[in-house]
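Summary of the model geometry
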Amino acid sequence: YKAVFLQLEDKPIKYQFMVSVLVEYIRSLSQYSVPVEHFLYELVINLLVRHNRYYQLHQFLQYHVVNDSKHVVSCARPGRRAGKRCPWPCRYWRC
């Protein structure tokens with residue numbers, strides 16, 4: 001996993017393509033009941049947050065494309081750690 005996806009993160013590839021590939025990979029793992037490693041979710045989240053695609057990430061969480069967990073929430077809310085106002089819908093997390 002890490003040898004393929006983390007190497008691509010720094011390449012000049014459109015982030016939309018990377019997100020699409022990662023989501024499809026996560027979907028196929030889930031389809032065959034293979035446990036999905038947290039770093040794959042983290043990679044998707046980091047790509048979306050880096051490009052200010054909060055609504056898309058919100059949809060991924062809402063429709064369980066990205067499974068929510070404490071680890072996922074901690075990497076999905078970088079503004080909270082920096083003392084900024086969070087961009088998330090507050091019905092999911094207390095701001």
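This section reports on the structure supplied with the text. (Residues numbered from 1 in each chain as written. Predicted model: local features only at pLDDT ≥ 70, side-chain atom pairs only at ≥ 80, totals over all residues. Heavy atoms only, no water.)

Another point: the packing of helix H2 (residues 15-31) against helix H3 (residues 38-50). It is at 10 Å that the axes of H2 and H3 come closest, and there the two elements cross at 155°. Judged on the interaxial angle alone, H3 and H2 are roughly antiparallel. The handedness of the crossing between H2 and H3 is left-handed. Residues Tyr 15, Met 18, Val 19, Leu 22, Tyr 25, Ile 26 and Leu 29 of H2 form the contact with H3, whose participating residues are Leu 40, Tyr 41, Leu 43, Val 44, Leu 47 and Leu 48. Its residues placed into classes, the contact of H2 with H3 shows 13 nonpolar, no polar and no charged. (Axes fitted to C-alpha atoms, helices over the stretch in contact; angles between N-to-C directions. Helix = DSSP H or I, 4+ residues; strand = E, 2+ residues; numbered from the N terminus. Parallel < 35°, antiparallel > 145°, perpendicular 65-115°, else oblique. Left-handed = near helix turned anticlockwise from the far one by under 90°. Contact = heavy atoms within 4.5 Å. Nonpolar A, V, L, I, M, F, W, Y, C, P; charged D, E, K, R; others polar.)

Its place among the elements puts His 51 in the loop between H3 and helix H4 (54-62). Owing to a relative accessible area of 35%, His 51 belongs among the partly exposed residues under this scheme. Sequence separation of His 51 and Tyr 15 is 36 residues, and the distance between their C-alpha atoms is 8.1 Å. (Buried < 20%, exposed > 50% of the residue type's maximum accessible area, 1.4 Å probe, protein only.)

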